[in-house]
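For reference, the chains in residue letters:
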Amino acid sequence: MDAQSKQTLLRGSSVLQKMAEGEPAIWINPKLRPAEEALSSLPLTKADIDDAEQRLRRFAPYLKKRFPETAERGGLIESPLREIPAMRAALAGRGAELPGRLFLKQDSHLAIAGSVKARGGIYEVLHHTEQLALANGMLQDGDYTALLGEDARALFRRHTIQVGSTGNLGLSIGIMSAAIGYRVIVHMSADARQWKKDLLRKWGVQVVEYAAEYSEAVTKGREASDADPMSYFVDDENSKTLFLGYAVAAERLKKQLAEQGVVPDAAHPLAVWLPCGVGGAPGGIAFGLKHAFGDAAHCFFAEPTQAPCMLAGMATGLHNDVCVQDFGLTGKTHADGLAVQRPSGFVGGMMEPLLSGDITLRDADLYDYMRLLRNTENIFIEPSACAAFAGPDRFLAAQEGRDYLSVHGLKAENLTQIAWATGGALVPEEIRQEYEHTYLR
Ligand SMILES: *Cc1c(COP(=O)(O)O)cnc(C)c1O
């Protein structure tokens, strides 16, 4: 982007000005449309989400055997929904306006990968595996546990799976692919933590390390995979399969909310706060939520002040034609799962009529929220995941939040808020200790 276009964009938007100064911002999407109208205009449908759910059910008997920790949920990878009243009270005690109920969706505790990537990442590996098996005359009798057998494993050994990642996607794709029997290469950006690389190597995964940022790791990974006819590339920036794997979360959440006595409607809606990197995970989940709840779901993304790539893409309408460096930001953040400098154009397009808005926060706040949750609810989630608390903490007390409620005719006390905790369970104890003692100002 040239200097003149940047100046024009900044002059037209106080949110972009704040963003470019590295200040916390709240952006409300002026292109949000009524859910029904928005969803009917998009290239993916409810039938696509149902197809993904059905595929995951077909794989459940396999997962139950291969990963016994999934057995208690019948081979489905799903996370608890937990009300966090003590965290709510603590946030309110610090000045947050939070009259309604507050829940934590604990994707931090998803089986196998310990992060939201256990949804999309694992789903895409299973999707590819089903296609490969069917093309090779397997699974004809519908018995997916046959994939544990030596014939199947011999087939998968001849195939490679590759992915570019800041860490958690690499973990999810790497562990699942290695478990099935593939050769796996994970291309890790500079932000990726050492323990994630170590864990993958223990699974026999080849980890290629880059000194460069996320987009570069993805580009290099894509090139390496394209050069090998036996290799499949999981494309975090463009994959519809990943996106649909995430979307499955919503119908399951509906059941969990009902068990807690929450049945959202237009006057008693959900506000869902989703930490956002390249956009696939929060975008897929938001897409599912709009299908499951319609206008009773208000979906917001949360991003670091130095890496607000989705905000930059959506507020300018330029999507993947813009990156955070275009606005003079560093793209660097302690939130390794969100350390993405250029958003997915595919997700940006899907979100244009569906997303309610985006909130950004400083890295220092990630650690404060992390400690607050640990101290009030005795739950650990990783710093990236703590971005979700920026919404419950700041939105309703801000002018942007008050205006949003009034435009939509909503009462704050009727809002049920969900902080989507996107990762944490696999973080080793010594790293948790390091986080615990990290104070930034
Ligand atoms: C990957 C990730 C996200 C965001 O997902 P994207 O698909 O990159 O937007 C959020 N939180 C954590 C912990 C993650 O690993």
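Described below are features of the structure shown in this document.

Reading the values: the criteria
Residues numbered from 1 in each chain as written. Predicted model: local features only at pLDDT ≥ 70, side-chain atom pairs only at ≥ 80, totals over all residues. Heavy atoms only, no water. Axes fitted to C-alpha atoms, helices over the stretch in contact; angles between N-to-C directions. Helix = DSSP H or I, 4+ residues; strand = E, 2+ residues; numbered from the N terminus. Parallel < 35°, antiparallel > 145°, perpendicular 65-115°, else oblique. Contact = heavy atoms within 4.5 Å. Nonpolar A, V, L, I, M, F, W, Y, C, P; charged D, E, K, R; others polar. Pairing = 2+ DSSP bridges. Phe/Tyr/Trp six-rings, centres within 6.5 Å; stacked < 30°, edge-to-face > 60°. Buried < 20%, exposed > 50% of the residue type's maximum accessible area, 1.4 Å probe, protein only. Lys NZ or Arg CZ within 6 Å of the ring centre and 35° of its normal. Right-handed = clockwise from strand over helix to strand, strands pointing away. Near = heavy atom within 4 Å. Polar contact = N/O pair within 3.5 Å; in protein donor to acceptor, adjacent residues only side chain to side chain. Areas by Shrake-Rupley, 256 points an atom, 1.4 Å probe, with all protein chains shown as cover. Core = buried A, V, L, I, M, F, W, Y, C linked by side-chain atoms within 4.5 Å. Disulfide = S-S within 2.5 Å.

### Let's talk about the packing of helix α8 (residues 168–180) against helix α9 (residues 194–202)
Relative orientation of the contacting elements α8 and α9 amounts to 10 degrees, with a least axis distance of 10 Å. Here α9 runs roughly parallel to α8, going by the angle between their axes. Between α8 and α9, the contacting residues are Asn168, Gly170, Leu171, Gly174 and Ile175 on the first element and Trp195, Lys196, Leu199 and Leu200 on the second. Each residue belonging to the contact of α8 with α9 can be placed in one class, and the counts come to 5 nonpolar, 3 polar and 1 charged.

### Quick notes on the sheet that holds strand β9 (residues 297–304)
One open sheet accounts for 7 strands, arranged β1-β10-β9-β8-β11-β3-β2; its pairing is mixed. Single-partner strands in this sheet number two, and they are β1 (26–28) and β2 (81–83). Strand-to-strand twist of the sheet, defined as the mean angle between neighbouring strand axes without regard to direction, takes the value 25 degrees. Inspection of the sheet shows strand β3 (residues 102–106) paired to strand β11 (residues 416–421) by 5 bridges, in the parallel sense. The partner of Lys105 across the bridge, within β11, is Trp420. Seen against the sheet, helix α16 (residues 363–377) touches β2, β3, β9 and β10 (357–361) and runs at an angle of roughly 90 degrees to β10.

### Regarding the packing of aromatic side chains
Across all of its chains, the model carries 13 aromatic pairs by this definition. Relative to Tyr62, the ring of Phe59 lies with its centre 6.4 Å away and its plane at 85 degrees, an arrangement referred to as edge-to-face. One end of the pair is Phe59 and the other is Tyr62, both in helix α4 (residues 46–66) and 3 residues apart, which spans about a single turn. Here Phe59 matches Tyr62 in class, with each residue buried. A ring pair is formed by Phe395 and Tyr404, whose centres lie 5.9 Å apart and whose planes are at 65 degrees; its orientation type is edge-to-face. Note on accessibility: Phe395 and Tyr404 belong to one class, buried. Directly above the aromatic system of Phe67 lies the positively charged group of Arg66, at a separation of 5.6 Å from the ring centroid. One Lys or Arg, Arg371, reaches over the ring of Tyr439 and ends 3.7 Å from the middle of that ring.

### Points about the pairing of strand β4 (residues 160–165)
Counting buried residues in β4 gives 6 out of 6 residues, a clear majority hidden from the surface. Alternating residues of β4 divide into Thr160, Gln162 and Gly164 and Ile161, Val163 and Ser165, and every residue in both groups is buried. Pairing between β4 and strand β5 (residues 183–188): 6 bridges, direction parallel. What sits directly across from Ser165, in β5, is Met188. After leaving β4, the chain enters α8 and then returns to the sheet as β5, a path that is right-handed. Relative to strand β7 (residues 231–234), β4 is paired through 4 bridges, and the arrangement is parallel.

### Side note on the sheet that holds β4
One open sheet accounts for 4 strands, arranged β6-β5-β4-β7; its pairing is parallel. The sheet is open, and its two edges are formed by β6 (206–209) and β7, each paired on a single side. Adjacent strand axes in the sheet meet at a mean angle of 20 degrees, parallel and antiparallel pairs treated alike. The sheet contact formed by β5 and β6 spans 4 bridges and is parallel. Along β6, the bridge assignment pairs Val186 with Val207. Against the sheet, helix α10 (residues 214–226) engages β4, β5 and β7, with an angle of about 165 degrees to β4.

### A few points about the site of the ligand
Close to the ligand lie 15 residues; Lys117, Asn168, Gly277, Gly279 and Thr422 are nearest. At a separation of 2.7 Å, an oxygen atom of the ligand approaches a polar side-chain atom of Lys117. Summarising the interface, the protein chains cover 98% of the accessible area of the ligand, which totals 370 Å² for the free molecule. When residues of the shell around the ligand are assigned to their parent elements, the largest contribution, 3 residues, is made by helix α13 (residues 280–293). By residue class, the composition of the shell around the ligand is 6 nonpolar, 7 polar and 2 charged.

### As for the environment of His127
Tracing the backbone through its elements, the reader meets His127 in helix α6 (residues 117–135). Distance in space between the C-alpha atoms of His127 and Leu366 is 34 Å, their sequence separation being 239 residues. With sequence-adjacent residues up to four places away left out, His127 is seen in contact with Arg55 and Thr241.

### Focus on the nonpolar core
By size, the foremost hydrophobic cluster in this structure holds 154 residues, and its most contacted members are Met176, Phe287, Met351 and Phe389. Examining the composition of this core, we find that 8 residues originate from one element, α8, more than from any other. Setting aside residues no more than four positions away along its own chain, Phe389 makes contact with Ile84, Met87, Leu91, Leu104, Tyr369, Leu373, Ile381 and Ala419.

### Concerning the side chain of Thr70
Among the structural elements, Thr70 can be located in the loop between α4 and β2. In this structure Thr70 touches Leu63, Lys64, Gly75, Leu76, Ile77, Ala111 and Ile112, once residues within four positions along its chain are discounted.

### Focus on the state of the cysteines
Going through the model one piece at a time under the given rule, you end up with 0 disulfides. Of all cysteine sulfurs in the structure, the one in Cys276 sits closest to Cys299, which takes part in no disulfide; the separation is 12 Å. A disulfide-free cysteine, Cys309 has its sulfur positioned 5.6 Å from the sulfur of Cys276, the nearest such atom. Cys309 sits in the buried class, given a relative accessible area of 1%.

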